[in-house]
Every structure is written in structure tokens, then in C-alpha cells.
Amino acid sequence: MDAKAEKLALFRYALIAPLVIEILPRGELTRRAQEVAARHYDIPDSKRTAVSVDTLLDWAGRYRNGGFEALAPKPRQDRGQSRAVTPQLASLFERLKRENPHRTGTTLLRELALSAGASSAGQAAPAISPSTLYRFLKQHGLSERQLLAPQAHKKFEAELSNQIWQADILFGPWVRRPSGKCH
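What you see is a predicted model, and the numbers here were worked out from it, not measured in a lab. (Residues numbered from 1 in each chain as written. Predicted model: local features only at pLDDT ≥ 70, side-chain atom pairs only at ≥ 80, totals over all residues. Heavy atoms only, no water.)

Would you mind showing me how to read the overall build of the protein chain here?
The number of helices and strands found in the protein chain is 7 helices and 0 strands. Start at the N end of the protein chain and walk to the C end: the helices and strands fall as α-α-α-α-α-α-α. The C-alpha atoms of the protein chain give 34 Å as radius of gyration, which overshoots the globular expectation for 183 residues (16 Å, by more than 25%). Counting only C-alpha atoms and orienting by the principal axes, one finds that the protein chain spans roughly 120 × 55 × 25 Å. (Helix = DSSP H or I, 4+ residues; strand = E, 2+ residues; numbered from the N terminus. Rg over C-alpha atoms; globule rule 2.2 N^0.38 Å.)

So this is what it looks like as C-alpha cells:
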């Protein structure tokens with residue numbers, strides 16, 4: 001559990017402590033939950049200030065069944081994957097962008113709307129914001145700058161051996177010949 005999740009779990013436990021410290025009858029449990037829910041709080045990493053009775057009862061149940069760790073927020077199952085860009089859209093964007101690296105995001109969105117309109121008359125085109133598209137293109141190396149960047153290469157690098165030869169010539173010591181000249 002990271003620090004952020006632990007902080008939220010501690011906050012949740014502080015709210016439900018009066019509900020879980022002792023075993024309460026159902027009516028008393030709900031009454032105490034209503035008292036806790038009536039106040040306003042500074043909830044970590046949230047702009048909200050109130051918690052509902054149902055949420056408090058849910059947290060209390062989770063604590064009873066799973067302990068303190070159950071109060072921590074669960075990470076998304078699809079973490080790291082875009083929910084807006086489906087795999088079909090991703091392959092379409094990649095194909096269109098590789099065909100013409102100068103194609104802008106606006107053009108890609110327009111072509112998506114046109115292809116969706118032509119393929120399915122009754123369905124609307126998927127709503128993808130320009131920022132989502134540009135983020136996708138950059139993350140997958142499909143921006144114009146990334147596609148048109150010269151390929152990095154090292155000096156004296158070749159695909160196969162013996163494609164590059166290098167020689168070093170050095171003028172050595174002077175040698176006197178029998179004629180008296182130095183070469």
C-alpha cells in the first residue's frame with residue numbers, strides 16, 4: 001500500500017471507528033452512521049466534503065471482512081490502457097499516421113468521423129477529444145516529430161561485418177638509403 005492509499009484508508013477508518021469498535025444493533029449502527037455523515041470533512045485528495053450513510057456502512061462492512069487493507073482504494077483493472085481509444089481505433093490511427101506523418105490530429109478526427117458515418121448510418125462516431133488523441137500519438141511514438149526524426153546511428157556502424165574498413169597510416173622514422181637520401 002503506498003502512502004496515498006494508506007492516508008485515505010486511515011481517514012476512512014477514522015470515520016467508521018465508532019461503527020466497528022463494538023458490535024451494534026442494526027438501528028444503532030445506522031443512527032451512528034447518520035451522525036458521522038451529518039458532518040463535513042476534509043477528504044484527502046478530493047474536493048468533496050461529505051460522505052453518505054451508505055458509503056460509511058459499505059466501508060464498515062469492508063473493514064469487518066477484509067481488515068484495514070480493505071479500506072484502501074483499489075487500483076483500476078485497466079490501469080495504463082486508454083478507455084477512450086479502443087484497439088481498433090488505435091490500429092486505425094497508427095495506420096493513417098504512418099501513411100502520412102504530416103496528417104494532423106484534427107484531420108485524423110475528421111477522417112474518423114467520416115469513416116464512422118459511412119460505415120454505420122445510425123451510430124455516432126466515438127467521441128475522442130483532441131487531447132486524448134494527441135496523448136495517444138505521443139505515447140506510441142506517432143507524433144510528426146517522432147515519425148520524421150532522423151534515425152539515430154553511430155559512427156562507423158554497419159549492418160554486416162566487412163561493410164566498413166578502416167586503415168591507419170603513420171609516417172614512421174626516416175630511413176637513409178645508400179644513395180644518401182632520406183625516405
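What's the story with unusual backbone geometry in this structure? I'm lost.
Leaving glycine aside, a negative phi is the common case for residues, and trans is the common case for peptide bonds. Notably, Asp-45 is not glycine yet its phi reads approximately 55 degrees, a positive angle. When you line up the elements, Asp-45 lands in the loop between α2 (26-38) and α3 (53-66). On the basis of relative accessible area, Asp-45 is assigned to the exposed category, the value being 60%. The phi torsion at Asn-162 lies on the positive side, around 65 degrees, for a residue other than glycine. Relative to the elements of secondary structure, Asn-162 occurs in the segment after α7 (144-148). (Buried < 20%, exposed > 50% of the residue type's maximum accessible area, 1.4 Å probe, protein only.)

Please explain the packing of aromatic side chains as it appears in this structure.
Aromatic ring pairs are reported here in terms of the distance separating the ring centres and the angle at which the planes meet. Following the criterion strictly, the structure yields 3 aromatic pairs and no others. Here Phe-11 and Tyr-41 contribute two aromatic rings whose centre-to-centre distance is 6.1 Å and whose plane-to-plane angle is 80 degrees, an arrangement assigned as edge-to-face. Residue Phe-11 is located in helix α1 (residues 3-20), and its partner Tyr-41 is located in the loop between α2 and α3; the two are separated by 30 residues in the primary sequence. Across the pair, exposure class does not vary: Phe-11 and Tyr-41 are buried alike. Centre to centre, the rings of Phe-93 and Phe-136 are 6.2 Å apart; their planes meet at 55 degrees, and the pair counts as tilted. Separated by 43 residues along the polypeptide, Phe-93 in helix α4 (residues 87-99) and Phe-136 in helix α6 (residues 130-139) bring together distant segments of the chain. Among the residues examined, Phe-93 registers a relative accessible area of 0% and is labelled buried. Judged by its relative accessible area of 8%, Phe-136 falls in the buried class. (Phe/Tyr/Trp six-rings, centres within 6.5 Å; stacked < 30°, edge-to-face > 60°.)

Just to check I follow, could you spell out α6 for this structure?
Every α-helix carries 3.6 residues per turn, so stepping three or four residues along brings you back to the same face. Buried residues of α6: Thr-132, Leu-133, Phe-136 and Leu-137, and no others. For α6, the arc enclosing every buried residue in end-on projection is 130 degrees, short of the 170-degree limit, so these residues lie on one face. α6 presents Lys-138 and Gln-139 as exposed residues on the side facing more than 90 degrees away from its buried surface. Gly-141 lies just past α6 and shows a positive phi near 70 degrees. (Arc of directions from axis to C-beta.)

Where do I start with the nonpolar core in this structure?
Soluble, globular proteins show a tendency: their nonpolar side chains are buried together. The biggest cluster of nonpolar side chains holds 22 residues, and the ones touching the most others in it are Leu-15, Ile-16, Leu-19, Leu-56 and Trp-59. At the level of elements, α1, α2 and α3 are the ones that each hand at least two residues to this core. With 8 residues, α1 is the single largest residue contributor to this core. When near neighbours in sequence (up to four residues on either side) are disregarded, Leu-19 contacts Leu-24, Leu-29, Arg-32, Ala-33, Leu-56, Ala-60 and Arg-64. Core analysis: the second largest hydrophobic core is formed by 13 residues, Val-85, Phe-93, Leu-96 and Leu-109 among them. (Core = buried A, V, L, I, M, F, W, Y, C linked by side-chain atoms within 4.5 Å. Contact = heavy atoms within 4.5 Å.)

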